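Residue strings, one per chain:
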Number of protein chains: 2
Amino acid sequence: MTEKQEKILRAALELFAQEGYDASSTSRIARRAGVSEGLIFRHFTNKKGLLDALMQGMNQRMVQLVEPILGEPDARRCILATIALPFGLEPEEYDYWRLQYKLKWQKNARPAVLNNPLYQRLTQAFEQLAYPQPAEEARLLVHLLDSLAVALLRDELPDREAYHQFLRRKYGG
Amino acid sequence: MTEKQEKILRAALELFAQEGYDASSTSRIARRAGVSEGLIFRHFTNKKGLLDALMQGMNQRMVQLVEPILGEPDARRCILATIALPFGLEPEEYDYWRLQYKLKWQKNARPAVLNNPLYQRLTQAFEQLAYPQPAEEARLLVHLLDSLAVALLRDELPDREAYHQFLRRKYGG
DNA sequence: GTCTATAGGCCGATAGAC
DNA sequence: GTCTATCGGCCTATAGAC
């Protein structure tokens, strides 16, 4: 991956995340990246190829984030780590996640990598803690996680820390 | 509102909700509605006018849905009605709500009509029920509501009824 | 008056040629 | 890295059918 290719991907990510895929023209991406427009097509074939490259990177990052939770043997810690997840996202990476949600609605993409294994691990965790309806509890938590990420990405959550504390306590932190 | 105008709006809603606003051309909308393309511009000025007309209808519908909850004096019933809300959406109206979420991400639109007054009413309800952190509880419930709607619209919620029951019980139903 | 059919201008975007 | 062909989308305009 050369330096120019990275610049292109970076510019594409910023524009896609801010304006949406359709609304971002390859010429603006090229200008923002400081390269000629043709270079985009040389390296990524077409506009869709750009998106594919970005999505591949996003999937890797997701797996990387969820892996430690899946590997956590202690049920309580597993749940708390799940709650902490959206709060721990780096602001530099926000564009990544914004793009995820944009695509979820614009192109009906499903980031199944994240949700399914996590859901199963959480169900198990709630079972271990003898919750009466572990599957539903797990679903609730996944839903909560999702809205939480949305609120953070859209800057719609005042009192971040108070809310995090509140959730930790709810799950016995 | 003539029959043709309704056909146009209906076609536009379907396409916008499925493919997104940008990706839906006026020519396809006209074809789907079975009218000539020019008619769209005669009635709605431009493509944006189409969207505006749809959003006006959506806002009215939202107010209509939330109003009875805001007017409910009993705290417990107020909370349960909130939970029931997404489960009570008519499948025929799903495109409406899908469009809402698409716009939320595509155009950063905020359906504040719904969330703010509802959030305040719920805070009050949790206060009345002597929850230790009513504001956070209200936020949690609004988040939950949001994810729930998303899951229903994207057909990602098996066991609808079991889950509804589960939530009702959690809030003392 | 409402609508269709058609023709076309303008513009920007993708993509490939050079 | 530049240049340009081609396509499609938005919108206007007009002539005429129901």
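Model, not experiment: these values are computed from the prediction.

About the thresholds
- Residues numbered from 1 in each chain as written.
- Chains lettered and ligands numbered in written order.
- Predicted model: local features only at pLDDT ≥ 70, side-chain atom pairs only at ≥ 80, totals over all residues.
- Heavy atoms only, no water.
- Near = heavy atom within 4 Å.
- Polar contact = N/O pair within 3.5 Å; in protein donor to acceptor, adjacent residues only side chain to side chain.
- Nonpolar A, V, L, I, M, F, W, Y, C, P; charged D, E, K, R; others polar.
- Contact = heavy atoms within 4.5 Å.
- Buried area = accessible area lost by both parts, 1.4 Å probe.
- Salt bridge = Lys/Arg side-chain N within 4 Å of Asp/Glu carboxyl O.
- Helix = DSSP H or I, 4+ residues; strand = E, 2+ residues; numbered from the N terminus.
- Least-squares fit on C-alpha atoms with pLDDT ≥ 70 in both.
- Domains from an automatic or database assignment.

Enquirer: So what's going on with the protein's contact with DNA strand D? Which residues, and what values?
Expert: Close to DNA strand D lie Lys4 and Ser36 of chain A together with Ser24, Ser25, Thr26, Glu37, Phe41, Asn46 and Lys47 of chain B, which account for all nearby residues. What you see for DNA strand D is that sugar and phosphate hold 74% of its atoms within 4 Å of the protein. Here threonine 26 of chain B contributes a backbone N or O atom positioned 2.6 Å from a phosphate oxygen of DNA strand D. Lysine 47 of chain B is positioned such that a nitrogen or oxygen atom in its side chain is 2.8 Å from a phosphate oxygen of DNA strand D. Classifying every residue of the surface near DNA strand D gives one nonpolar, five polar and three charged.

Enquirer: So, the interface of chain B and chain A: which residues are in play, and what are the values?
Expert: At the interface, 35 residues of chain B touch 34 residues of chain A. Taking both partners together, chain B and chain A bury about 3300 Å²; carbon and sulfur atoms supply 56% of that area. At the junction of chain B and chain A, the tally comes to two salt bridges. As a salt-bridge pair, glutamate 137 of chain B and lysine 170 of chain A come within 3.0 Å of each other at their nearest N and O atoms. For the side of chain B that touches chain A, the leading source of residues is helix α8 (residues 134–153) of chain B, giving eleven residues. Grouping the constituent residues of the side of chain B that touches chain A by class yields 15 nonpolar, six polar and 14 charged.

Enquirer: Just give me the short version of the relation of the copies chain B and chain A, but keep the residues and values in it.
Expert: The two chain copies are connected by a rotation around an axis plus a translation along it. Take chain B, turn it by 179°, move it 0.0 Å along the axis, and it overlays chain A with an RMSD of 0.2 Å. Overall, the copies show the geometry of a two-fold rotation axis. A share of 97% of interface residues in chain B that are also interface residues in chain A marks the association as one of identical surfaces.

Enquirer: Please give an account of the domain arrangement of chain A that cites residues and values.
Expert: All names here are of chain A. If you check the domain split of chain A, you get domain 1 (1–45) and domain 2 (53–170). Computed over C-alpha atoms only, the centres of domain 1 and domain 2 are separated by 29 Å. Listed by partner, the interface residues are twelve residues for domain 1 and nine residues for domain 2. Both sides together, the interface formed by domain 1 and domain 2 hides about 880 Å², and carbon and sulfur atoms give 71% of it. The largest contributions to the domain 1 side of the interface with domain 2 come from Leu13, Ala17 and Tyr21, which together make up 52% of the buried area. Aspartate 22 is the salt-bridge partner of lysine 107, the closest N and O atoms lying 3.5 Å from each other. Applying the counting criterion to the domain 1 and domain 2 interface returns two residue pairs in polar contact (both at pLDDT 80 or more). Per-element accounting of the side of domain 1 that touches domain 2 gives the leading share, eight residues, to helix α1 (residues 3–19). Taken together, the residues that form the side of domain 1 that touches domain 2 break down as seven nonpolar, two polar and three charged.

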